[in-house]
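The chain contents come next:
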Amino acid sequence: MPGQTDDIVIRVHQLVNRFGAQTVHDHVDLEVRRGEVMGIVGGSGTGKSVLLRTIIGLQHPAAGSIEVLGHDVLRSGDAERQQLDQHFGVLFQDGALFSSLTVAQNIEVPLREHCPMPETLMNEIAATKVGIVGLPGDAGQKFPAQLSGGMRKRAGLARALALDPEILFLDEPTAGLDPIAAAAFDRLIGDLKASLGLTVVMATHDLDTLFAICDRVAVLVDKKVRVGTLAQHLQDPHPWIQAYFHGPRGRAAQAGETIAADASSSARAAPPVLS
Amino acid sequence: MSPTATFVAAPDQDGLVLRAEGDWLLASAAELDRRLRALDLPSGRQVTLDLGGIERLDTAGAWLLKRTDDELAARGNAVGLTNVRANLAPLLDQVWTHAAGAVLPHPVPPHHTLTGFVARIGEVTLRLLRRAYSIIGFGGLVAETFAKLLRHPRRLRLPALFAQMEQAGVNAMPIVGLLSFLIGVVFAYQGADQLRRFGAEIYTVNLLGIAILRELGVLLTAIIIAGRSGSAFTAQIGTMQVNEEIDALRTLGLDPVEVLVVPRILGLALTLPLLAVYADFMGLLGGCLMSWASLGILIPTFLDQLRSAIGEWTFWVGIVKAPFFAGIIALVGCYEGFNVERSADSVGRLTTQSVVEAIFLVILADAAFSILFSLLHI
């Protein structure tokens, strides 16, 4: 595809999602550009996760079309779909690691399925991913039940990155983490995006995350989305958006970001803090 | 372009250049791995990794470069990178800083040897004894809660009790009825086939009456209920355990045994005898219809013969066992539910275990009842 369309990796067009009589999304449009971090925010029950799940293909919408990397997600056949899945990485809320496998084996599940390679190389690649997400070396041999919540998220991220996807979907990546671990996780996502050239789409409630790493934010209000940069949203007169970004937590996060910006050069150089 | 890694002599003095070209991606990692391992690595030289020819790179490719770098360094070479394109630098940086030093093997399940086999028998036996001890303990806890409820009967949760009775009793009627009916049919058919050879077809009715009323009706019902409700109890309580709902109950000042276990045990103890009566009836109905169809025994004749065949205790001998079976099934089901750990895996494992244990204990209890009744000459 030529010109400008080339850097749109996800195109959601006139999407409608309904549960029974209740409409969650009413003709929603959303475009995500290559290499950006797109945050999806909204009140509880506005369908952040539903939107994410619809784009991934886990939820079939009532109407509309979704194009990811130029493929029509809703009308693709099995083979095309499988091909497409290899370009996605998804981090579920609590990691969704397979509880009967170790972390390393979890990371090897997609490798084993899609890329035949010698066992030793597979173990090496899994160990590399464990290191990249900032887990200690012996974490690969542990079972999910032996890890803390923060470590499970990192392990889930390592599995999501197993196939070196182009697009990373994160569902509430920092929910349930302490502020230090959450900040470290934000930094990790930012680093990985820069080094791996990822496009990241995340549903989140965490204002600090939004201010720290999101390039643009899609706000779900009144069954529609309003997409823009944070600066644009801060000007938006819509009462919910005002309350969201200008509430006490929003102001604190903005203030935190200006402080962090001063110290960002030193913060980026530091290795991710283990949680 | 397909990926390659080739050694060429450097233009200057004694140095070597390893030139990487093409796509160094996950898809070509297996091929690259093979090529790199086939290389005859030098030692004690000046080696330069020339990355100028790399078109695309991902973590798998970057790891292979890092591994080669490490291996060369381990052989005493002085290694350097050249021609690193600016857009690849962050990724290489990431892998160079975070790649694991040593790759640890997956945990391997222990080997099966003869000593291991014997040790396993011992372990399993000890575990069984511990479980028996702990089930008895749980039974005591439940009994204590029942005693408390006897003193404060108003604390019994009637809505929960009725919900359990509906779920475990009323909703089980179709399957219990159908299976009992079919067993009656099969029994009458097989019995008639054998007894006809002696001209004693009419005794098919005696066989049916005794077998169904004394044993089959109640045992069949108990086994179906163990599979249906015992497993449901484990899964329900187990899922609550996973969601920390049980802990939530405790912190709210509610006793999980009183809230969850008592209605289930009581509900099953009240419904299983009723279900057994129903199963008796359906079994006899099936037998009656089959006797009529295959032996031509008319219904009034069937009833007369049945009346003469069964004693005053035959029916009660079957039914009296039902509440005990119900207690076993519900107790085991709830006990296993509380044993669930915080993983989806353990819910499934313990649900299976609860059904197997409940059926085993029900049949064991049935055997014990047989001995008891024979001692009592009933």
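Definitions and cut-offs
- Residues numbered from 1 in each chain as written.
- Chains lettered and ligands numbered in written order.
- Predicted model: local features only at pLDDT ≥ 70, side-chain atom pairs only at ≥ 80, totals over all residues.
- Helix = DSSP H or I, 4+ residues; strand = E, 2+ residues; numbered from the N terminus.
- Buried ≥ 20, exposed ≤ 12 C-beta atoms within 10 Å, placed from the backbone.
- Contact = placed C-beta atoms within 7 Å.
- Nonpolar A, V, L, I, M, F, W, Y, C, P; charged D, E, K, R; others polar.
- Pairing = 2+ DSSP bridges.
- Expected span 1.5 Å × (residues − 1).
- Right-handed = clockwise from strand over helix to strand, strands pointing away.
- Axes fitted to C-alpha atoms, helices over the stretch in contact; angles between N-to-C directions.
- Parallel < 35°, antiparallel > 145°, perpendicular 65-115°, else oblique.
- Left-handed = near helix turned anticlockwise from the far one by under 90°.
- Bend = angle between axes of the 7 residues up to and from the residue.
- Core = buried A, V, L, I, M, F, W, Y, C linked by C-beta atoms within 7 Å.
- pLDDT = per-residue confidence, 0-100.

On to the overall build of chain A, then. Counting secondary structure elements, chain A contains 10 helices and 10 strands. Taken across its 275 residues, chain A has 47% of its residues classed as buried. At a minimum sequence separation of 6, the contacts of chain A that also span at least 24 residues come to 66%.

Further remarks concern the overall build of chain B. Summing up its helical and strand segments, chain B has 13 helices and 4 strands in all. Across the 378 residues of chain B, 33% fall into the buried class. Considering only contacts in chain B between residues 6 or more positions apart, those separated by 24 or more positions represent 84%.

Let us now look at the interface of chain B and chain A. One frequent convention defines the size of an interface as the accessible area lost when the parts assemble. In this complex, chain B contributes 27 residues to the contact, which on the side of chain A involves 30 residues. For the side of chain B that touches chain A, the secondary structure elements donating two or more residues are helix H1 (29–38), helix H2 (59–74), helix H3 (89–98) and helix H13 (344–375) of chain B. The leading source of residues in the side of chain B that touches chain A is H3 of chain B, at 6 residues. The residue inventory of the side of chain B that touches chain A, partitioned by class, reads 15 nonpolar, 6 polar and 6 charged.

Let us now look at the pairing of strand E1 (residues 8–19) of chain A. In summary, the side chains of a regular strand alternate between the two faces of the sheet. Residues and elements named next belong to chain A. When E1 meets strand E2 (residues 22–33), the two strands line up antiparallel, connected through 8 bridges. Of the residues in E2, the one forming a bridge with Arg 18 is Thr 23. Where E1 hands over to E2, the hairpin turn is made up of 2 residues, of which Gly 20 adopts a positive phi near 60°. Of the strand pairs in this sheet, E1 and strand E4 (residues 63–68) are connected by 5 bridges, and their pairing is antiparallel.

Owing to its 3.6 residues per turn, the α-helix aligns residues three or four sequence positions apart on the same side. Residue and element names in this part refer to chain A. End to end, helix H6 (residues 179–196) covers 25 Å across 18 residues, agreeing with the expected 26 Å (1.5 Å per residue, within 8%). With respect to burial, H6 is a largely interior element, 13 of its 18 residues being buried. One or two positions beyond H6, positive phi appears at Gly 197, with a value near 65°.

Attention now goes to the pairing of strand E4 (residues 78–82) of chain B. Residue and element names in this part refer to chain B. Of all 5 residues in E4, 0 are buried; the element is thus mostly exposed. The pairing of strand E3 (residues 46–57) with E4 spans 5 bridges and is parallel. Bridging from a neighbouring strand, Leu 49 pairs with Leu 81 of E4. Taken together, E3, H2 and E4 constitute a β-α-β crossover, and its handedness is right-handed.

Let's shift gears to the packing of helix H7 (residues 204–242) of chain B against helix H10 (residues 299–309) of chain B. All names here are of chain B. One way to put it is that H7 packs onto H10 with a least axis distance of 9 Å and a crossing angle of 60°. As judged from the angle between their axes, H7 and H10 are oblique. The hand of the H7/H10 crossing is right-handed. Side by side, H7 and H10 meet where Val 205, Asn 206, Gly 209 and Ile 210 of the first sit next to Phe 302, Gln 305, Leu 306 and Ala 309 of the second. Of the residues assigned to the contact of H7 with H10, the class counts are 5 nonpolar, 3 polar and no charged.

Time to look at the sheet that holds strand E5 (residues 71–72) of chain A. Residues and elements named next belong to chain A. The strand order across the open sheet built from 4 strands is E2-E1-E4-E5, with neighbouring strands paired in antiparallel fashion. In this open sheet, the two strands that pair with only one neighbour each are E2 and E5. As paired strands, E4 and E5 are joined by 2 bridges and run antiparallel to one another. Paired with Glu 67 across the two strands is Asp 72, which belongs to E5. Running at roughly 120° to E1, helix H1 (residues 48–56) makes contact with E1, E2 and E4 of the sheet.

Attention now moves to helix H9 (residues 256–295) of chain B. All names here are of chain B. Taking 1.5 Å of rise per residue, 40 residues should cover 58 Å, and H9 covers 55 Å from first to last C-alpha, within 8% of that figure. Roughly 30° is the biggest bend found in H9, and it falls at Val 262, with proline Pro 263 one to four residues downstream. Positive phi shows up at Gly 296, right after H9, with a value of about 70°.

Here we come to the sheet that holds strand E6 (residues 88–91) of chain A. Within a sheet, neighbouring strands are paired by backbone hydrogen bonds and run either parallel or antiparallel to one another. All names here are of chain A. Reading across the sheet, the 6 strands line up as E6-E7-E8-E3-E9-E10 and stay open at both edges, with mixed pairing between neighbours. The open sheet has two edge strands, E6 and strand E10 (224–228), and neither has a second partner. Averaged over all neighbouring strand pairs, the angle between strand axes comes to 15°, with direction disregarded. Two elements, strand E3 (residues 37–42) and strand E9 (residues 216–221), share 5 bridges in a ladder whose sense is parallel. Bridge pairing in E9 places Met 38 opposite Arg 216. Most of the contacts of helix H5 (residues 149–160) go to E6, to which it runs at about 165°, and overall it touches E6 and strand E7 (167–171).

Another aspect to go through is the nonpolar core. Met 38, Ile 40, Val 130, Val 200, Val 201 and Ala 218 of chain A together with Ala 29 of chain B are the most contacted members of the largest nonpolar core, which totals 101 residues. Ranked by the residues each element gives to this core, the list is headed by H6 of chain A, at 9 residues. Filtering out sequence-adjacent residues up to four positions away, Ile 40 of chain A remains in contact with Lys 48, Leu 51, Leu 52, Val 201, Met 202, Ala 203, Ala 218 and Leu 220 of chain A. Counting residues in hydrophobic clusters, the runner-up holds 53 residues, among them Ala 188, Ala 192, Ile 225 and Phe 233 of chain B.

Let us look at unusual backbone geometry. Residue and element names in this part refer to chain A. Of note, His 27 is a non-glycine position whose phi angle comes to about 50°, a positive value. A positive phi is found at Glu 172, a non-glycine position, where the angle reads about 50°. By secondary structure assignment, the location of Glu 172 is in the loop between E7 and H6.

Caution is warranted with low-pLDDT regions, since their predicted coordinates should not be read in detail. With 95% of its residues at a pLDDT of 70 or more, chain B has an overall mean of 88. Mean pLDDT values over the elements of chain B span from 64, in strand E1 (residues 4–9) of chain B, up to 95, in helix H12 (residues 322–338) of chain B.

Residue and element names in this part refer to chain A. Mapped onto the fold, Leu 196 is located in helix H6. We classify Leu 196 as buried; it has 22 C-beta atoms within 10 Å. Residues Leu 196 and Asp 164, 32 residues apart in the sequence, show an inter-C-alpha distance of 7.9 Å.

Turning next to the confidence of the model for chain A. All names here are of chain A. Per-residue pLDDT for chain A has a mean of 82; in total, 91% of the residues score no lower than 70. Within chain A, no element has a lower average pLDDT than helix H10 (residues 248–269), which sits at 62, and none a higher one than strand E8 (residues 199–203), at 91. Low confidence marks residues 1–5, where pLDDT is under 50. Its contacts with residues over four positions away, or in another chain, come to 2 contacts. Contacts for the low-pLDDT stretch residues 264–275, under 50 throughout, to residues beyond four places or in other chains number 16 contacts.

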